[in-house]
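# Coordinate analysis (summary)
For reference, the chains in residue letters:
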Amino acid sequence: MIEYALYFTASCYGIALLLDLWRIGVGPDPADRILALDTMVINVIALLVLYGVWRGTAIYFEAAMLVAMVGFVSTVAYCRFVLRGDIIE
Amino acid sequence: MSFAAELLISIFLVISGVFGFVGSFGLVKLKNSLQRLHAPTKATTLGVGGVLVASMIYFYVEKGHLSVHELLITLFLFLTAPITANFIAKTYMARNLRKQDLPESQSDYGWSIYDDPPESVQLPENGTEPVVLDPAKDGGAQS
């Protein structure tokens, strides 16, 4: 049963990634694109954890943690760049 | 693995998948940027929280000891999601709203996003000048 639930959840997050990609392409404002990129990072974290459950190994948590940190820092850096024209003042 | 544990994990997984999908669907469906800010920052964060709870239960049942990695990731995501949303909202405001569109900030300084005039300020329709901030009033603009 867990296997089918994993398939369902992974497809949900896969479609979600495609929708985010669409918003990155269309999004009229840079804020939309940054938001879509941030959502993609969060979806990838979910997919990594799902993959770890599917394979029954805990090693993907480290990867998920790293992706979470890098995603947050990159989102903030991108916003700073759009806001101030500079990342570190 | 007992049936109850499998059922619990599956329920958490399905709920989190639906939340994650709703978040990204809202990102596509909603009409303007500030509305679109709502869907991913809330629904998707909740969805990831569901995946992490399901994974925590799975590894507790499978390996017999509680792992705290998931709690770390959950804590980190739940801490950073509001900060990210705030930054994105500020980015949108700096590029799309003029100062007179906003209420007073109720403090000595103006709104922080207008310390430097945004690049994309459009001239108003009636030809008046764009808002130029008074450095003395807004304080420390060149710091």
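Description of the structure in this document. These figures come from a predicted structure and were not determined experimentally.

For the rest of this paragraph, the subject is the packing of helix H1 (residues 2-26) of chain A against helix H2 (residues 30-55) of chain A. Residue and element names in this part refer to chain A. H2 packs onto H1 with a crossing angle of 160° between their chain directions and a minimal axis gap of 9 Å. As summarised for this structure, H1 and H2 are arranged roughly antiparallel, according to the angle between their axes. Relative to H2, the crossing made by H1 is left-handed. Within the contact of H1 with H2, the residues separate by chemical class into 17 nonpolar, four polar and four charged.

Bring the parts together and some accessible area is lost; that lost area is often taken as the interface size. Taken together, the contact between chain A and chain B spans 49 residues of the former and 54 residues of the latter. Regarding the contact of chain A and chain B, the summed buried area is about 4300 Å², with carbon and sulfur atoms giving 77% of it. Across the contact surface, chain A and chain B share one salt bridge. A salt bridge links Arg36(B) to Asp32(A); its shortest N-O distance comes to 2.9 Å. Where chain A packs against chain B, one counts 11 residue pairs in polar contact (both at pLDDT 80 or more). Of all elements in the fold, only H1, H2 and helix H3 (60-84) of chain A reach the threshold of two or more residues within the side of chain A that touches chain B. For the side of chain A that touches chain B, the leading source of residues is H2(A), giving 16 residues. Considering only residue class, the side of chain A that touches chain B consists of 34 nonpolar, seven polar and eight charged.

A surface patch of nonpolar side chains, amounting to about 740 Å² of accessible area, comprises Met1(A), Phe3(B), Leu7(B), Ile11(B), Ile15(B), Phe19(B), Leu46(B) and Phe78(B). Sorting elements by how many residues they give to the nonpolar patch places helix H1 (residues 3-29) of chain B first, with five residues. In this fold, Leu46(B) is placed in helix H3 (residues 38-63).

Inspection of every chain in the model, using the stated rule, returns seven aromatic pairs over all chains. Here the aromatic rings of Phe72(A) and Phe76(B) are separated by 6.2 Å at their centres, their planes lie at 85°, and the arrangement is edge-to-face. Residue Phe72(A) is found in helix H3, and its partner Phe76(B) is found in helix H4 (residues 69-96); the two belong to separate chains. This pair shows no difference in class: Phe72(A) is buried, exactly as Phe76(B) is. Members of the aromatic cluster, joined through ring pairs, are Tyr51(A), Trp54(A) and Tyr60(A). If you follow Lys90(B) out to its NZ or CZ, it ends over the ring of Phe87(B), 5.5 Å from the centre.

Of note, Ala63(A) is situated in helix H3. Separated by 15 residues in the primary sequence, Ala63(A) and Leu48(A) have C-alpha atoms spaced 7.6 Å apart.

Our focus in this paragraph is H1(B). The end-to-end C-alpha distance of H1(B) is 38 Å, a good match for the 39 Å that 27 residues give at a rise of 1.5 Å each. Residues of H1(B) that are buried sit in contact with H1 and H2 of chain A together with helix H2 (33-36) and H3 of chain B.

The rules behind each value
- Residues numbered from 1 in each chain as written.
- Chains lettered and ligands numbered in written order.
- Predicted model: local features only at pLDDT ≥ 70, side-chain atom pairs only at ≥ 80, totals over all residues.
- Heavy atoms only, no water.
- Axes fitted to C-alpha atoms, helices over the stretch in contact; angles between N-to-C directions.
- Helix = DSSP H or I, 4+ residues; strand = E, 2+ residues; numbered from the N terminus.
- Parallel < 35°, antiparallel > 145°, perpendicular 65-115°, else oblique.
- Left-handed = near helix turned anticlockwise from the far one by under 90°.
- Nonpolar A, V, L, I, M, F, W, Y, C, P; charged D, E, K, R; others polar.
- Contact = heavy atoms within 4.5 Å.
- Buried area = accessible area lost by both parts, 1.4 Å probe.
- Salt bridge = Lys/Arg side-chain N within 4 Å of Asp/Glu carboxyl O.
- Polar contact = N/O pair within 3.5 Å; in protein donor to acceptor, adjacent residues only side chain to side chain.
- Patch = residues over 30% accessible without salt bridge, like charges linked within 9 Å, V, L, I, M, F, W, Y side chains within 5 Å.
- Areas by Shrake-Rupley, 256 points an atom, 1.4 Å probe, with all protein chains shown as cover.
- Phe/Tyr/Trp six-rings, centres within 6.5 Å; stacked < 30°, edge-to-face > 60°.
- Buried < 20%, exposed > 50% of the residue type's maximum accessible area, 1.4 Å probe, protein only.
- Lys NZ or Arg CZ within 6 Å of the ring centre and 35° of its normal.
- Expected span 1.5 Å × (residues − 1).

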